[in-house]
Amino acid sequence: TYVNSTPVCHTLSVNHTPAAGGSDPVASLANSPGCAANTYVAGEVFGVSVIPNTSSGYAVSGWSGTVNNSSTNTTNTVSMPDSDLTVGVTYDIGP
């Protein structure tokens, strides 16, 4: 018999600080198959990217909720846990 199993989808939230520093992280994958927008199954791996406000001197100083939180790159990787997740980026004025 066929069993229609609905995937267990978890919500991805994003944020950034300070407000003037740049964009929120944007996921490279809109959602896992069978999930609504910004929701993913546990184990889904995808990229996130940001755009710092470089005209005001801001650059990425760190991340949260990613595979490499200490990265100062504008891209990072997320491995979705078996729960909701918030991915954040912190901007800082460069030297």
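Whatever comes next refers back to the structure up there.
Residues numbered from 1 in each chain as written. Predicted model: local features only at pLDDT ≥ 70, side-chain atom pairs only at ≥ 80, totals over all residues. Heavy atoms only, no water.

1. Considerations on the overall build of the protein chain
- The secondary structure content of the protein chain amounts to zero helices and seven strands.
- The linear arrangement of helices and strands in the protein chain, starting from the amino end, is β-β-β-β-β-β-β.
- Projected onto its principal axes, the C-alpha positions of the protein chain cover 65 × 20 × 15 Å.
- Relative to its full complement of 95 residues, the protein chain shows a buried share of 28%.
- With an accessible surface of roughly 5400 Å², the protein chain has 53% of that area assigned to carbon and sulfur atoms. (Helix = DSSP H or I, 4+ residues; strand = E, 2+ residues; numbered from the N terminus. Buried < 20%, exposed > 50% of the residue type's maximum accessible area, 1.4 Å probe, protein only. Areas by Shrake-Rupley, 256 points an atom, 1.4 Å probe, with all protein chains shown as cover.)

2. A look at the sheet that holds strand E2 (residues 26–27)
- Ordered in space as E2-E4-E6, the three strands form an open sheet in which the pairing is antiparallel. Edge positions in the sheet fall to E2 and strand E6 (75–79), since each has one partner strand and no second.
- Relative to E6, strand E4 (residues 45–49) is paired through five bridges, and the arrangement is antiparallel. The residue of E6 that forms the bridge with Ser-49 is Thr-75. (Pairing = 2+ DSSP bridges.)

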